[in-house]
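Analysis of the macromolecular model
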Amino acid sequence: MTASATPTNITHKFIVHIMNKEQQGLATIIPCPSEKPVQQASKDLSNALTERYSGRAGKGYGKFEDDRDSYPMGNIVDDYFVNKTHSFYDTSIRMINHLKARADDESMSTGGYVIIAHNEVNGNHYLMVAILTSAVGSSVHDFEIQESEYLDIAKLRVAGRIDLTGRQNGKERYISFLKGQNSVAGYFKKFLGCNDILIAKQETTKLRNALLEFATERGFEPEAREEFLNKAHEKLKNLNRSGETFDTQIFANEIWPTAPELLVEKLTNDDLEFSDGFVPDGNVIRGLVSFKGKSKHWSLKFERAALHDGSVLYDSENDKLILTEIPDTLRSEILSELGEEDEQ
């Protein structure tokens with residue numbers, strides 16, 4: 001799915017349970033007494049959640065932990081979607097009870113309305129879990145202002161999604177979740193049973209390629225393209241040196257402050273499956289500002305700027321690279337090898 005495509009979202013199942021919990025306290029569950037038919041209002045909420053979740057930066061990606069005794073979500077999902085031994089309602093009860101156990105282990109976690117939905121987005125089946133809190137607004141009824149309670153999607157902080165179809169098709173990472181900035185996200189990751197081991201080189205490669213694509217898609221002129229990529233490289237190099245981890249929103253605000261949401265949209269595209277929280281790989285990020293290649297008898301590396309200042313020329317018709325500004329030492333070595341004298 002491209003960032004500009006409008007997803008087709010079908011809500012197959014939808015349920016809301018309540019988990020009451022204050023920080024430092026234990027959770028109490030108020031389950032929905034029975035499964036209810038999917039109404040238009042629940043479809044609209046499901047669509048809004050999917051859109052909000054897909055556009056959020058700072059997601060982690062992974063797969064189910066192998067230890068199903070300690071992390072039972074894999075078994076719960078299999079019983080519902082693969083083995084079909086448990087109904088959606090029974091599955092949601094197992095999930096909310098498991099969520100309570102994990103929330104009790106994290107003293108700083110809080111409760112809310114627990115949304116569990118089985119969606120189909122562009123032909124792919126997903127199981128989404130989100131915890132929402134309510135807010136009070138105003139509505140007008142018969143010309144009278146009334147208080148109205150609503151679920152606050154704008155403050156979505158705890159959510160995750162399991163790609164059921166992708167898992168069946170052998171996808172390597174089929175779970176995603178909002179990583180957040182505190183330990184609360186950690187308990188929810190354990191609830192999902194998600195192993196999200198990051199390989200910095202792979203994530204940095206995704207980031208580098210996405211930045212190059214973004215510069216092309218935005219139609220930058222050569223100078224603007226070079227400035228954008230140099231700025232990105234400098235920021236990532238600083239993270240590499242300091243050992244700090246990458247954060248999509250912070251990075252977009254600094255690199256593309258005029259419209260950071262466009263860069264966030266690029267990096268949060270579901271197809272990219274790009275995770276925050278890694279230290280950028282120094283070797284990979286050099287690809288933002290340099291080119292390198294080799295054949296049987298030579299290897300070459302040059303800065304991107306060389307293509308724009310004329311010190312490296314590419315003859316596309318003859319598929320040749322022409323190097324200028326040859327250093328004196330190298331020039332002398334080449335002439336000596338060829339048995340020629342330096343006329344300079």
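Higher on the page you've got the structure.
In this report, we go over the structure that sits alongside the text. Each chain carries its own residue numbering, running from 1 in the direction its sequence is written. Residues qualify for local features only when their pLDDT is at least 70, as the model is predicted, and side-chain atom pairs are given and counted only at 80 or more; totals for whole chains, interfaces and linings, by contrast, use all residues. As a rule here, side-chain values cover all heavy atoms of the structure and leave hydrogens and water aside.

Another aspect to go through is empty space enclosed by the protein. In this analysis, the protein atoms alone were mapped onto a 1 Å grid. Cavities are point sets where a 1.4 Å probe fits without being able to get out; pockets are open sets with protein on both sides within 12 Å along at least five of seven lines; lining residues have an atom within 4 Å of a point. Grid points are joined across faces, edges and corners, and a volume is the space filled by probe spheres set on the points. For the structure shown, the criterion picks out 1 cavity of 30 Å³ or more. As a volume, the largest cavity reaches approximately 50 Å³. Lining the largest cavity are Arg-56, Ala-57, Gly-58, Lys-59, Tyr-61, Thr-248, Leu-267, Thr-268, Phe-274 and Asp-276. Throughout this entry, Asp, Glu, Lys and Arg are counted as charged residues, while Ala, Val, Leu, Ile, Met, Phe, Trp, Tyr, Cys and Pro are counted as nonpolar. The remaining residues, Gly among them, count as polar. Grouping the constituent residues of the lining of the largest cavity by class yields 4 nonpolar, 3 polar and 3 charged.

This brings us to the packing of helix α2 (residues 73-82) against helix α3 (residues 88-105). Axes here mean lines fitted to C-alpha atoms, for a helix over just the part in contact, with angles spanning 0 to 180 degrees between N-to-C directions. We count a stretch as a helix when DSSP gives it H or I for four or more residues in a row; a strand needs E for two or more, and each element gets its number in order from the N terminus. One way to put it is that α2 packs onto α3 with a least axis distance of 10 Å and a crossing angle of 170 degrees. It follows from the interaxial angle that α2 and α3 lie roughly antiparallel. Here Met-73, Ile-76, Asp-79 and Tyr-80 of α2 lie close against α3, whose contacting residues are Phe-88, Thr-91, Arg-94, Met-95 and His-98. Across the contact of α2 with α3, the residue classes break down as 5 nonpolar, 2 polar and 2 charged. Here roughly perpendicular refers to angles of 65 to 115 degrees, roughly parallel to angles under 35, roughly antiparallel to angles over 145, and oblique to all remaining angles. Whether two residues touch is decided by their heavy atoms; if any such pair falls within 4.5 Å, the residues are in contact.

As for its position among the elements, Asp-163 is in strand β8 (residues 158-163). Only protein chains enter the accessibility calculation, which uses a 1.4 Å probe; a residue is then buried when its area is under 20% of its type maximum, exposed when over 50%, and partly exposed in between. On the basis of relative accessible area, Asp-163 is assigned to the buried category, the value being 3%. What Asp-163 contacts, discounting residues up to four positions off in sequence, is Asn-124, His-125, Tyr-126, Lys-171 and Tyr-174.

Tracing the backbone through its elements, the reader meets Val-289 in the loop between α10 (282-285) and β11 (290-294). Here Val-289 falls in the buried class, since its relative accessible area comes to 9%. Each C-alpha atom of the pair Val-289 and Ala-130 lies 40 Å from the other, and the pair is 159 residues apart in sequence.

What is shown is where atoms sit, not what they do.
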